[in-house]
Structure formats: structure tokens, C-alpha cells
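Tertiary structure, described
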Amino acid sequence: VGTFAAAATIFAPASASAVAWAQQLPEVRTRMDAMRRRNPRIPGGGDADRDADEQANRKIDFGKFSHSLLEVIRQADVLAKRKRQPGLSTESLLLSMLTIPQTAALRQAAFPGDAATRARAILERQLLAGEEGSYRLASRSGAPLRFTPMAERALLEAEDEMRRFGQDELEPAHLLLGMLQDPRGEACLLITDLKADLETVRRSVLGTLPSALAKVRLAAAESVDNVGHQASPPLSFSQRVARDAVACLLEDADVAPTPSSSSTSSPKKASNKSSSSASAKGSSSTMSISSRLLYSHQLVTKGLVERSAESKLLLLAALSGEHVFFLGPPGTAKSLLARRLASVCCGSFFERLLTRFTVPEEVFGPLSLKALEQDELRRKIEGFLPSADVAFLDEVFKANSSILNALLSILNEGVFDNGGSRIDVPLWCVVAASNELPESEELDALYDRFLLRRAVPRVSDAAVPDFLRAALRSEAEVEVAESSVSPDSAPLSASDSEALCAKAAQHVTFPEQLLLIVAELRTFLRDEAEPPVLVSDRRIAKAVRLLRVAACAVGGDEVMGLDLLLLQHVFWDKDPSQAALVRDWLFDRLVGGPAGGPPAGGGGGPRA
């Protein structure tokens, strides 16, 4: 607000009318650009030559990519492979944004009505015609991910947009705004072909961002438009900009978090959401697995803030028949996530806090007195871990050896020795939690059974207001996710897991080049990482099967390079920060330079 008010004070004469001010806007923009170039403290300011050098040396920070943007890039990579392009172009990125469900709100805002359909048709014709003819070379199956120079420039512009709005994650909306910065770029040309107004599209995209600064920028732009249409406005330009911006900020404080932030919707929309949920539940049997996963994710994260990634890992572990370990302090919704998973599959749930004094009877069930009369040591397992579908074991590493030994066979083989017989357990997924990592080597075997691992922090300071709004909502609304699924309409089940794993084994291929990258990663973690990360044979074998299931769950027929990013939640053991090391190594290894050029980072080698 201060920036816009100061600009109006500097450049608008006190006696100038609104119309005269509107006529001076081109000169105002020129003088403000000159001031920005002279002032390095203004975003984008400073010496122009120095900025050009910095821009040339910048590298894309893939660690800030949101899940939605990663899905955009994944789908764009699919399109690029299909068109036999060795690099991801702006056309494939745009077509991906116009296709995937994660960008539906952005698509509706930027391309309303049938504009999205027409835009897809234009882009598909361009890709089919091969306007970037030099890209149509050999097949890219399993090749490292690379961007064309124009696409890389758009991603860097998107990072600038993200920082300008004070946000921490790069979203598809930032990427589209970055593309719109280039008047000769594909996005601007596409909007021109659709006979749409470029500024209107830009403002529509701004409106999809939850940032308060984006709302201020949008209000300022609308105030500039209104100046030329009012002969004698009651307020000055700076006063109206400040009024509209403050109104936006106040409105933003009252608006409930968006679904993309894994928070609940406002009470006004609760009835609409419940009716849509009912229709979704009624048709869950006919929904695709990806649609049911999306619906399940909404159920698991309802009323929660900053737990989207944990929910996705939990659902992936369940679909793969694996188990997940959450490391974090008390009160971070670890047990609630496990309970929500049980409600999604309408299965039985077992929960227990383990200590060194916990006895096996508390976990596996008491001994049967009738069996004892027949000289048999058999347990009554109903209502205990061997009969559960989903289980939550808190402070799992504090259990004694008699419990840990029995857990090993349950977690790995899915069997439980009950007296003289070995029985199969229906256990679908075990969620283990702890405030600390295991220190004894005796616990390494148990720790290795949890394929997916995630450090769960407390809610960040920036998200505390959203968290408090969710906490103040009625208990019935927040906990509706736990009771909104009936057994006949459960979106996911153990049979879905078996079917998906079988389908992945038959129809999803794992390119040889990506298998070699996984092997190189294991060697790097063992020989070069400090401290070394030792990945067992069992873990790396299960990891590649997990990647295959993940690709199949989103409808893919081949594991892609971006799928390997899941390994950051698999290949760390003694320190959660090792996940960032895995992620950075994979980005350097997978993401090359411009199409046709050498891979980034000295031939794509790992970064120390």
C-alpha cells in the first residue's frame, strides 16, 4: 500500500484531475522503471547489466516447487516424450496446465468457458506440426528431464513472481504469470489467438493466488482502470488504492484456507461440500483410482493444515502395501492421519502407545484360557494388532524385545505366529511414530521395515492463522471426515491395493536409465554422503516397486524421472535433512540444461 501511495504522491500533482492522471500513466511508468533501475533495494532494481549477469547465472530452485507444479512438469514430460522432444517446451507446459485436474481453478480463471478447449486444440496442433522441428529427434524414454531455453526462462520469471508475493512455494499460477512476462512467448501468442485481453487474463491469474500482496496488486490495477472512468472521484488515487488494498487484506483474513493448503472450507460452503461428497461417495465404485485417491486425500486432510504431503505418503504406502514412519513432536496430527486412513477404507483400527513396560498381551491380545486348558499357548487376537486393517504404534522404538520380534514378521511377511500355527494378518498399513530416531543397532531391522519416512514438523508461523481458524470451527465439521464414509462406498480398500500392485507389475515399465540412476544414488549415499546412508537390498528393491505403483496410480505406463523424487522419503535414516540431500542429488542428476545441450551441473553428475 505504501509503495502505490508513495508513487501517487510523487508523480500526481495535487490539483490534477483523475483524467489528467490517467493520461500521465505512461510517463509515470517510465519514471518508476528508471527509479527501480537506480535503486537496488526495490525488487528487480539495481544496475541492469549486473541483473543480466545474475539472471544468466541463476539456477532453478526445484526444491520450492509445489506438488501441483511438479504434476504439471510430470504431465509435460509425458507430452514431450510422446512428441519425441528431448526438452520440455513452454507449449508442453501450457498444455499440461490445461489438462491435469490439479490446475482446474487456474484453468477456469485464465481460460473461461470454451477457451480452455480451444487453447488445447491450438497447442496440440502446434506440437503435432512440430514447429520446434529441431526437437523432434529420438525417443526420450527414461532420459533426464530438460527444459528448452524459453521454458527455463519462464520458470525463473515464475520464481521472481513467487518472491514478489512473499510466498514460499512455486505454484502453476506463478509459472503462467512468468510466461505472460514474455510478449513473444507462447502464452501471450496463445491468448492473442484466442482474441482475449492479456491484462484481463493476468488479473484473473492473480486472483487465484492466496497471497495478500497479490490481492493488493490486483486492487491497484483495478484502481488505475477506474481513474479514467470517473471525472471527479470523491477520493484521490492513492486513497482509493489504499482503501481497496486494505479491504482485500481484511477480506483475506476472513476467507477460509483453500483446498490446496490442506485446510477445511468455510462453514458457508459446508453444505455444498457435503452434498458433493455424498455424490462422490455414491459413485466411488465407478471412479478411477486417481480420482478416488484425490477424494481420499480430501477426506484425510479435512480440517488439517500443512499435512498434505504426509497424507499423500500415507495413501501411497497403503496402496503399495507398505508402512510409514512419522518422526515429530507430540501434537502434530500423526495419530489422526492414521485414524483417517482407517476411516477411508472403513477398516478396523488399532492404536497403542508403546513403552518398555508394555507387555505382548496389550498389543497381540491376551492368552486364551480355553486354549490353556488344552495345553496350547494361543492368543485371542480380536480387537488387537493381528486383526486390524490399519494400526498406529506410537513411540515404537521404546517397545521391548518380545514385542519387537513379533512385529518383524507382521510388518515384513504379514503373518503372526499364534501358538503352534502361523496365520495371515489383514494388516493393510502400519503407521509408526516417534519423537526420536533409533539409536541402538538392535532396532535397525525394525526401522528398515518402514519404507516411507517423513519428519512431521509443527505448523509453521505463517500457517498459524489458518490453523487457528480450523481449530475454532465446530467439532462436528472438523471430524466429519471420520464418519463420512460408509462400508459400501469406501474410496479405497486392500483389494484396490492388490489390484493396483498387480496392474503395475504387468503394465508399467521401469526404464533402464532410471534404474541405473537409482543404483548410482545408493552408491553416492554410501560412499560420498556424510554421514553415510546405508540402503539395504530389501529397501532398494521395495523402493523401485513403490515407484512403479506410484506411476500406475496416476495412470502412467512408465516410471518417469520425476517419480524418483519419492526416494527422498525412502533413502534417509539417521537425519531427516538427508532427504534434502537425496532430492538435490536427484535434481542435479535428472534435470539437464537446454534441449540438445549438456546436462546441468557438469554432465549431470551429483552435487556434493
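**Topic: the overall build of the chain**
When its secondary structure is counted, the chain shows 30 helices and seven strands. The long-range fraction of contacts in the chain, counting pairs at least 24 apart against all pairs at least 6 apart in sequence, stands at 71%. Put simply, the chain shows about 28,700 Å² of open surface, and 53% of that area lies on carbon and sulfur atoms.

**Structural notes on the nonpolar core**
Of all hydrophobic cores here, the largest spans 119 residues; its most connected members are F111, L564, L567, F571 and L586. Among the elements that line this core, the one with the most residues is helix α28 (residues 537–553), at nine residues. Of all hydrophobic cores here, the second largest spans 33 residues; its members include V363, F397, A432 and L446.

**Examining the pattern of salt bridges**
Counted under the stated rule, the structure contains 23 salt bridges. A salt bridge links D417 to R422; the nearest nitrogen and oxygen atoms lie 2.7 Å apart. For D417, a relative accessible area of 41% puts it in the partly exposed group. Judged by its relative accessible area of 55%, R422 falls in the exposed class. R526 is the salt-bridge partner of D527, the closest N and O atoms lying 2.9 Å from each other. A network of salt bridges, in which partner residues are shared, links E159, D160 and R163.

**Details of the state of the cysteines**
Throughout the structure, instances matching the rule amount to zero disulfides. The thiol sulfur of C345 is not disulfide-bonded, and the nearest other cysteine sulfur, from C346, lies at 7.0 Å. Owing to a relative accessible area of 12%, C345 belongs among the buried residues under this scheme. Here C552 stays free of any disulfide, with the sulfur of C501 as its closest cysteine sulfur at 8.8 Å. Judged by relative accessible area, which is 4%, C552 ranks as buried.

**Structural notes on the sheet that holds strand β7 (residues 452–455)**
The strand order β2-β3-β6-β1-β7 describes an open sheet built from five strands, whose pairing is parallel. On the outer flanks of this sheet lie β2 (349–353) and β7, each paired with one strand and no other. Across this sheet, the average inter-strand angle for adjacent strands is 15°, counted without regard to direction. Looking at chain direction, strand β1 (residues 324–327) and strand β6 (residues 429–434) are connected through four bridges and run parallel. In the strand pairing of β6, F326 is matched with A433.

**Points about the packing of aromatic side chains**
Summed over the entire model, instances satisfying the criterion amount to seven aromatic pairs. Where F364 meets F416, the ring centres are 5.4 Å apart and the plane angle is 20°; that geometry is what we call stacked. In this pair, F364 sits in helix α19 (residues 360–364) while F416 sits in strand β4 (residues 415–418), placing the two residues 52 residues apart along the sequence. Across the pair, F416 and F364 agree in class, each one buried. Feature note: the residues F325, F397, Y447 and F450 constitute an aromatic cluster, connected by ring pairs. A cation over an aromatic ring shows up here: R453 above the ring of Y447, its NZ or CZ 3.7 Å from the ring centre.

**Here we look at helix α10 (residues 172–179)**
Note on helix geometry: an α-helix contains 3.6 residues per turn, so any two residues three or four positions apart are oriented the same way. Taken across its eight residues, α10 has eight buried, putting it largely inside the fold. Of the residues making up α10, those classed as buried are P172, A173, H174, L175, L176, L177, G178 and M179. Along its buried surface, α10 packs onto α5 (67–82), α6 (90–97), α7 (104–110), α9 (149–164), α11 (186–193) and α12 (198–206).

**Focus on the pairing of β6**
Buried residues dominate β6, accounting for six of its six residues. Of the two faces of β6, the one carrying C429, V431 and A433 and the one carrying V430, A432 and S434 are both buried. Taken together, the five bridges between strand β3 (residues 390–394) and β6 define a ladder with parallel strand orientation. Bridge pairing in β6 links A391 to V430.

**As for the side chain of D563**
Mapped onto the elements, D563 comes out in the loop between α28 and α29 (578–590). Given a relative accessible area of 9%, D563 falls into the buried group. For D563, the contacting residues outside a window of four places in its chain are R74, L547, A551 and E558.

**Examining the environment of G331**
One can find G331 in the loop between β1 and α18 (334–344). Sequence separation between G331 and R458 is 127 residues, and the spatial gap between their C-alpha atoms is 8.0 Å.

**What to know about the side chain of R74**
Following the sequence through the fold, R74 ends up in helix α5. For R74, a relative accessible area of 8% puts it in the buried group. Polar contacts involving the side chain of R74 include one to the side chain of D563, which spans 2.3 Å.

**Focus on unusual backbone geometry**
For the bond from E530 to P531, the omega torsion is 0°, close enough to zero to count as cis. Unlike most non-glycine residues, K195 shows phi in positive territory, near 60°. Tracing the sequence through the fold places K195 in the loop between α11 and α12. Residue class for K195 comes out exposed when judged on its relative accessible area of 76%. Located in the positive-phi region is A333, a residue other than glycine, with phi close to 70°. Note on placement: A333 falls in the loop between β1 and α18.

Definitions and limits used
- Residues numbered from 1 in each chain as written.
- Predicted model: local features only at pLDDT ≥ 70, side-chain atom pairs only at ≥ 80, totals over all residues.
- Heavy atoms only, no water.
- Helix = DSSP H or I, 4+ residues; strand = E, 2+ residues; numbered from the N terminus.
- Contact = heavy atoms within 4.5 Å.
- Areas by Shrake-Rupley, 256 points an atom, 1.4 Å probe, with all protein chains shown as cover.
- Core = buried A, V, L, I, M, F, W, Y, C linked by side-chain atoms within 4.5 Å.
- Buried < 20%, exposed > 50% of the residue type's maximum accessible area, 1.4 Å probe, protein only.
- Salt bridge = Lys/Arg side-chain N within 4 Å of Asp/Glu carboxyl O.
- Disulfide = S-S within 2.5 Å.
- Pairing = 2+ DSSP bridges.
- Axes fitted to C-alpha atoms, helices over the stretch in contact; angles between N-to-C directions.
- Phe/Tyr/Trp six-rings, centres within 6.5 Å; stacked < 30°, edge-to-face > 60°.
- Lys NZ or Arg CZ within 6 Å of the ring centre and 35° of its normal.
- Polar contact = N/O pair within 3.5 Å; in protein donor to acceptor, adjacent residues only side chain to side chain.

Fair warning: the whole summary comes from geometry, so function is off the table for now.
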